[in-house]
There are 2 protein chains.
Amino acid sequence: MAIQYFTATSVDGFIADPEHSLSWLLSRNVDAEAPMSYQGFIQSVGALVMGASTYRWLLEHEGAEAPWPYDVPCWVFSHHGLQARPGDIRFVQGSVATVHREMAAVAGERNIWVVGGGDLAGQFADAGLLDEVWVQYAPVALGAGAPLLPRRLELSLIEVARNADFACVRYGVVKES
Amino acid sequence: MAIQYFTATSVDGFIADPEHSLSWLLSRNVDAEAPMSYQGFIQSVGALVMGASTYRWLLEHEGAEAPWPYDVPCWVFSHHGLQARPGDIRFVQGSVATVHREMAAVAGERNIWVVGGGDLAGQFADAGLLDEVWVQYAPVALGAGAPLLPRRLELSLIEVARNADFACVRYGVVKES
């Protein structure tokens, strides 16, 4: 079981533009059958976790009436009330270590997906709980926006692939021994 | 003849860390014979251009006594006096368009390499003069530092390769028609 931060980003490391838009991302081509696709990745995921901004973005982008896109339980870190929606969604506060124990019990042999944002992934890394970073680089520079991973974090390259418009890179997180 | 911004960067889009260090980069393995290597790239370069910070970094990192590492003429944008060193180094001011004309005359059929920094590459893009971006991602997140390309710039993916520790990606710049 691995804890994986899987995300799309601009060439220059932003996961959302300054207007919190993903229009620069959603216009790209991606191949579900090609290497390192989301569809391949999600099959091994048994639990997911996201920050409040990511959750709000999903709500606003897809609409509160849209079906929740995930089949596995989702933990949402939030310090303030977020609009609920149907689905196995668990609003939590506190440390990532505590929440991780809950998630791991549910995920079992499957992986945990840190959906975002970057700081939440950083908190998992700070706690020594992040195992992998999967980055899908979209062909655009944004120049500003929400950062991919606002930490200094040593990685090791596992895999590089092209998937349609995306350069896909998979890293292991080098843990301090 | 193409104008190419070729640079190494962190996974999150920084070309130098907040202390202007490249220690996070120079410790990595790279294979001169593997795809998208610097050694392959430089063979087609007929002129290069860099900003004052990049020049100063080279001076400080390699030492003023070290031989200048480039065989082809180098233009350095600078608004203040920089220490000269042996080599075909031309200190210039003014617009990138003007300097580009000088460089193109010298480079002839060969390419122009925009060495850095990110804003100089952005100025070439602003002027419609940047053709390609080659990014070598080192396996580390820095979280802060000098930005890869502080612009909103549409790209198209040309090539993806692994070279030892690096994920190497080559982009075309999509020009407004």
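To be clear, the structure that these remarks concern was listed above.
The structure displayed is predicted, hence computed values, not measured ones.

## Quick word on the overall build of chain A
For chain A, the count of helices and strands is 5 helices and 11 strands. Computed over the C-alpha atoms, the radius of gyration of chain A is 15 Å, within 12% of the 16 Å expected from 2.2 N^0.38 for a compact globule of 177 residues. A principal-axis box enclosing the C-alpha atoms of chain A has dimensions of 45 × 35 × 30 Å. Long-range contacts, defined here as pairs at least 24 residues apart, represent 72% of the contacts in chain A between residues at least 6 apart. As displayed, chain A offers around 7700 Å² of accessible surface, 50% of which is attributable to carbon and sulfur atoms. Taking the average place of the 11 positive charges on the side chains of chain A and the average place of its 20 negative ones, the gap between the two points comes to 3 Å.

## With respect to the interface of chain B and chain A
Between chain B and chain A, the contact holds 36 residues from the first and 36 residues from the second. In total, about 2500 Å² of surface goes out of reach between chain B and chain A, with carbon and sulfur atoms giving 55% of it. Taken together, chain B and chain A are joined by 4 salt bridges. D17 of chain A is the partner of R152 of chain B in a salt bridge, and the nearest nitrogen-oxygen pair spans 3.0 Å. Scanning the region where chain B abuts chain A turns up 16 residue pairs in polar contact (both at pLDDT 80 or more). Sort the elements by how many residues they give to the side of chain B that touches chain A and strand β10 (residues 153-163) of chain B lands first, with 10 residues. Across the side of chain B that touches chain A, the residue classes tally to 23 nonpolar, 4 polar and 9 charged. Relative to strand β8 (residues 140-141) of chain B, strand β10 (residues 153-163) of chain A runs antiparallel, the two being bridged by 2 bridges. When the bridges of β8 of chain B are listed, L153 of chain A appears paired with A141 of chain B.

## Structural notes on helix α4 (residues 96-107) of chain A
Residue and element names in this part refer to chain A. The terminal C-alpha atoms of α4 lie 15 Å apart, and with 12 residues this matches the ideal 16 Å at 1.5 Å per residue to within 8%. Residues of α4 that are buried: V96, V99, H100, M103 and A107. One side of α4 holds all its buried residues, which, seen down the axis, span an arc of 105°. Away from the buried face of α4 by more than 90 degrees, exposed residues R101 and A105 are located. In this structure, the buried residues of α4 make contact with β1 (3-10), β3 (45-51), β4 (74-77), β5 (89-92), β6 (111-116) and α5 (118-126). G108 sits one or two residues past α4 and shows a positive phi near 65°.

## A closer look at the relation of the copies chain B and chain A
The operation linking the two copies of the chain is a rotation about an axis combined with a translation along the axis. The two copies are related by a screw operation: chain B maps onto chain A through 180° of rotation and 0.0 Å of translation along the axis, at an RMSD of 0.0 Å. In short, the pair behaves as if placed about a two-fold rotation axis. Identified as the residue of chain B closest to the rotation axis by C-alpha distance is G13 of chain B, at 2.5 Å. Take the interface residues of chain B: 100% of them recur as interface residues in chain A, which is what a same-surface contact looks like.

Calculation criteria
Positions within a chain are numbered from 1, following the residues in the order the chain's sequence is written. The naming scheme follows written order: chains are lettered A onward, ligands numbered 1 onward. Per-residue local features are limited, in this predicted model, to residues with pLDDT of at least 70; the limit for side-chain atom pairs, both in listing and counting, is 80 or more; totals at the level of whole chains, interfaces and linings are taken over all residues. Processing note: side-chain calculations cover all non-hydrogen atoms of the structure and skip hydrogens and water entirely. The numbering of helices and of strands both runs from the N terminus, where a helix is a DSSP run of H or I of at least 4 residues and a strand a run of E of at least 2. For the radius of gyration, the atom set is restricted to C-alpha positions; the globular benchmark scales as 2.2 Å times the number of residues to the power 0.38. Any pair of residues with heavy atoms lying within 4.5 Å of one another is described as a contacting pair. For the accessible areas, the method is Shrake-Rupley and the probe is 1.4 Å, while residue cover comes only from the protein chains on display. This count recognises Lys and Arg as positive and Asp and Glu as negative, with His and chain-terminal groups excluded. Charge positions come from single atoms, namely NZ of Lys, CZ of Arg, CG of Asp or CD of Glu. Two parts lose some accessible area (1.4 Å probe) when they are put together, and adding that loss for both gives the buried area. In what follows, salt bridge is the name for a side-chain nitrogen of Lys or Arg lying within 4 Å of a carboxyl oxygen of Asp or Glu. Two N or O atoms form a polar contact when they lie within 3.5 Å of each other; inside protein one atom must be a possible hydrogen donor and the other a possible acceptor, and for residues adjacent in sequence the pair counts only when both atoms belong to side chains. Charged means Asp, Glu, Lys or Arg here, nonpolar means Ala, Val, Leu, Ile, Met, Phe, Trp, Tyr, Cys or Pro, and polar covers whatever is left, Gly included. Two strands qualify as a pair provided that DSSP identifies no fewer than 2 bridges between them. Multiplying 1.5 Å by the helix residue count minus one yields the expected span of that helix. Partly exposed describes any residue whose relative accessible area lies between the buried limit of under 20% and the exposed limit of over 50%, with all areas from a 1.4 Å probe on protein chains only and scaled to the type maximum. This arc describes the spread of directions from the helix axis toward the C-beta atoms. Fitting of the copies onto one another was done by least squares over C-alpha atoms, counting residues only where both copies have pLDDT of at least 70.

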